[in-house]
Amino acid sequence: MLELAGIIILGILAQWVAWKLKIPAILPLILIGLLVGPVASQYLSEDGSKWIEPIWNGEKGLFPGDGLYYFVSLAISIILFEGGLTLKRSEIRNVGPVITKLITLGSAITFFGSGALAYFIFGLGWELSLLFSGLIIVTGPTVITPILRNIPLKKDISTVLKWEGILIDPIGALVAVLVFEFISVEGDSGFTKTALIEFGKIILFGTTFGFTFAHALAFAVNKKFIPHYLLNVVSLSTVLLVFVESEIFAHESGLLAVVVMGMVLGNGKLENLKELLYFKESLSVLLISILFILLAANIDYEDLKLLYTWKTALLFALVVFVIRPLAVFSSTIGSKLRLNEKLFISWVGPRGIVAAGIASLFGSKLIKQGVEGAEYITPLVFMIVLGTVLLNATTARMFAKIVGVFLKRSEGILIVGASHFSRLIGEYLENNGRHVVLIDSNQSNIQLAQEQGLDAINADIYSEELNNNIELSDVGFLMALTGSRQINAYAIDRFRGQFGESGYYRLITTDEMEDNQQNPDEGLFSQTDDFNTLTEVARKYPKIHEVKIKSREHFEELIDLTNKDEDTVPLLIKDKKGIMEIISSHNKTIEKIEEGYKLVYMGKPLSVPEATPTSQ
């Protein structure tokens, strides 16, 4: 009992330390696991025993027999399902081909390249070398997210790394399973018909079970067959059912099944998806905390001594600084990614929970079977996991600045509130080259925004969800456009430091509009337009127009016209290069206005004889 409680307490403590230091939680978790496991047995325990003994192939420990194997497998299935829920098709419009190549061509280069290195450097057999390389194909989403969370990057870079991390996990697991089947089924005979059949069954049953159960769960939820208070536990039990059933039909197909299930649900029309994500995220944090401590503690001190050689450093350096860049650059040929963006993606490739979990499982099984050299598998994979996490956690931000992908000025725009006029403004900004994200607690507004092709998140600004979203890493402007004075004020107060470093604005209130003396510094658009005015203008004239400016005097005349006309609202100033500036309620105070600039406004076309407005 003491050991179980200790694992949970230490795991949550490590998560808190990681949050405080802004590092991936895997780093303190593995270090704690090594401390209470192999280090304690060698230096801290009088009888040479570990403080936490998670043996799964012996007669003692927290998980005797195959107990730990089953626990690890089920926990990983839940973690990967939660990752699949966060994958949205709309995110990959610009980088879909890059992601596809990374998880296919890039995986192949990593697989064969790393396998050759393990074979020639450590002298392992080809089967074990390829098992090692299959395990380190994966780049874990649980470690990439905290690394990228505090680095302002273009959305495309964050999207590539996020999707690669989640999609490549089951691919790496499948490759490792295939190699494991080669070793286990036919020994040294290598490529076998039986292994190929097993691989085909994994693909078939994994995708079939994941797709089918996803639609079944969505149907049950949307038809209210499941009471609200049982929604989370029913979805959890369904994930476990899918994993177990898929495993029964095809061993090791469960990981693919749960990822497919998560992706289908995340991209479908599932009610209560946000609530489901919150529950799964909390559960994933707890499981990751427990898993990493258990897996690290399960390593023996004698296994760690195997790594105390120059060969380990050489293998790590070649995998990280040669194989990873080769895979990335080969996969991004012909893409729109620039050289510095490719360099950064090459640098960030931390391995995570799937690599560590399956390595522990397969390593132990092969040692039990008496396969020569199998004792190297688990420590070598843990070396790659710990080394890449430590390297990326400590240098990713600095490297982003060195190669020039660190955004000095974040140009993305976060719009709080996804009402009709917010969607019109967001669509215009997106069509003019700005990354726009709308957030709203109203699911129907979010769905309408997504149908327009906009990035939209169903979120509550009072939750912690936005703080952890790497898709918002390039956001520097904040616009609070809800009908609630309190929500707008709270959004400005809470998020202006994180998302409003380049500018933060809110709609003025009805009181401020009626009292000319009240014109807040963060007021938006004009002193004569509040939420109700904008809503009515968008209802009557759902168009955004541009009109050319001839001089500052002309600009001020146009502003006067919009202020007098209840059916027009000034929004933006666009310069000759297309760069836009948000207009505040102090709308005549914009410093630089030149001939050729354009006033962007919403509503009824202005009757301006000097220029002809153009609709957008």
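Here goes a summary of the coordinates provided. All values reported here derive from a predicted model rather than from experimental measurement.

Attention now moves to the overall build of the protein chain. Tallying secondary structure elements over the protein chain gives 22 helices and ten strands in all. When each of the 616 residues of the protein chain is scored for burial, the buried share is 56%. Taking contacts inside the protein chain between residues at least 6 apart in sequence as the whole, the part at least 24 apart equals 74%.

Look at helix H5 (residues 126-135) against helix H16 (residues 377-403): their axes get within 10 Å of each other, and the N-to-C directions meet at 35°. Seen along the crossing, H5 lies across H16 with a hand that is right-handed. Along its contact with H5, which presents Leu-128, Leu-131, Phe-132 and Leu-135, the element H16 presents Ile-377, Leu-380, Val-381 and Ile-384. Per-class residue counts for the contact of H5 with H16 are eight nonpolar, no polar and no charged.

Right, let's get into helix H9 (residues 231-249). For H9, built from 19 residues, the straight-helix expectation of 27 Å at 1.5 Å per residue is met to within 8% by its first-to-last C-alpha distance of 27 Å. Among the residues of H9, Leu-231, Asn-232, Ser-235, Leu-236, Thr-238, Val-239, Val-242, Phe-243, Ser-246 and Glu-247 are the ones counted as buried. Buried positions in H9, seen along its axis, are confined to an arc of 165° and lie on one side of it.

Side-chain positions along a regular strand alternate between the two faces of the sheet. Side-chain alternation along strand S3 (residues 455-458) places Asp-455 and Ile-457 on one buried face and Ala-456 and Asn-458 on a second face that is also buried. Note: strand S2 (residues 436-440) against S3, four bridges, orientation parallel. Across the sheet, residue Leu-438 finds its bridge partner in S3, namely Ala-456. For the crossover that starts at S2, traverses helix H18 (residues 443-451) and ends in the parallel S3, the hand is right-handed.

Another point: the side chain of Arg-434. Looking at the secondary structure, you find Arg-434 in the loop between helix H17 (420-431) and S2. Relative accessible area serves as the criterion here: at 10%, Arg-434 is assigned to the buried category. In this view, Arg-434 contacts Glu-411, Ile-413, Leu-429, Phe-477 and Met-580; residues no more than four positions away in its chain are not counted.

Okay, the sheet that holds strand S4 (residues 475-480) next. If you trace the five strands from one edge of the open sheet to the other, you get S3-S2-S1-S4-S5, paired in parallel fashion. The sheet is open, and its two borders are formed by S3 and strand S5 (503-506), each paired with just one other strand. Taken pair by pair, the neighbouring strands of this sheet meet at an average axis angle of 20°, ignoring direction. Across the sheet, H18 touches S2 and S3, and the angle it forms with S3 is around 165°.

A word on the pattern of salt bridges. Under the defined criterion, the tally for this structure stands at nine salt bridges. Where Arg-539 meets Glu-536, a salt bridge forms, and the shortest distance between an N and an O atom there is 2.6 Å. Here Glu-536 and Arg-539 lie together in helix H21 (residues 531-540), a separation of three residues that amounts to about one turn. One salt bridge in this structure joins Glu-594 and Lys-576, with 3.8 Å as the shortest N-O distance. Here Glu-594 is found in the loop between strand S8 (580-582) and strand S9 (598-603), whereas its partner Lys-576 is found in the loop between strand S7 (568-574) and S8, with 18 residues between them in sequence. Exposure remark for Glu-594: the relative accessible area of 30% places this residue in the partly exposed category. A single network of salt bridges, built from pairs that share partners, joins Glu-546, Lys-574 and Lys-598.

Attention now moves to unusual backbone geometry. A positive phi angle is found at Lys-224, which is not glycine, with a value near 60°. Note on placement: Lys-224 falls in the loop between helix H8 (193-222) and H9.

Further remarks concern the packing of aromatic side chains. If you walk through the whole model with that rule in mind, you get 14 aromatic pairs. With a centroid separation of 6.0 Å and 15° between ring planes, the pair formed by Phe-209 and Phe-213 is classed as stacked. Here the residue Phe-209 and the residue Phe-213 both occupy positions in helix H8, the gap between them amounting to four residues, near one helical turn. Classification of Phe-209 by relative accessible area gives buried; the value is 13%. Ring plane angle 40° and centroid distance 5.6 Å describe the contact between Phe-495 and Phe-499, whose orientation is recorded as tilted. You can see Phe-495 and its partner Phe-499 sitting in helix H19 (residues 485-499), four residues apart, about one turn around the helix. Take Phe-495 and Phe-499: they sit in the same class, and that class is buried. Three or more aromatic residues link up through ring pairs in this structure, and these residues are Phe-205, Phe-209, Phe-213 and Phe-249.

In this structure, Leu-131, Phe-132, Leu-315 and Phe-344 are the most contacted members of the largest nonpolar core, which totals 128 residues. Here Leu-131 is in contact with Ala-176, Val-179, Phe-180, Ile-183, Phe-362, Leu-366 and Ile-377, once residues within four sequence places are set aside. Residues Ala-456, Val-569, Met-580 and Ile-582 belong to the second largest nonpolar core, which totals 32 residues.

This next bit is on helix H22 (residues 552-564). For H22, which comprises 13 residues, the first-to-last C-alpha distance of 18 Å matches the rise-based estimate of 18 Å (1.5 Å per residue) to within 8%. Of all the residues in H22, the buried ones are His-554, Phe-555, Leu-558, Ile-559 and Thr-562. All buried residues of H22 project into a common sector of 140° when viewed along the axis, lining one side. Opposite its buried face, H22 presents the exposed residues Glu-553 and Lys-564, each directed more than 90 degrees away. Looking at the buried residues of H22, the elements they touch are strand S6 (544-548), S7 and S9.

Definitions and cut-offs
Residues numbered from 1 in each chain as written. Predicted model: local features only at pLDDT ≥ 70, side-chain atom pairs only at ≥ 80, totals over all residues. Heavy atoms only, no water. Helix = DSSP H or I, 4+ residues; strand = E, 2+ residues; numbered from the N terminus. Buried < 20%, exposed > 50% of the residue type's maximum accessible area, 1.4 Å probe, protein only. Contact = heavy atoms within 4.5 Å. Axes fitted to C-alpha atoms, helices over the stretch in contact; angles between N-to-C directions. Left-handed = near helix turned anticlockwise from the far one by under 90°. Nonpolar A, V, L, I, M, F, W, Y, C, P; charged D, E, K, R; others polar. Expected span 1.5 Å × (residues − 1). Arc of directions from axis to C-beta. Pairing = 2+ DSSP bridges. Right-handed = clockwise from strand over helix to strand, strands pointing away. Salt bridge = Lys/Arg side-chain N within 4 Å of Asp/Glu carboxyl O. Phe/Tyr/Trp six-rings, centres within 6.5 Å; stacked < 30°, edge-to-face > 60°. Core = buried A, V, L, I, M, F, W, Y, C linked by side-chain atoms within 4.5 Å.

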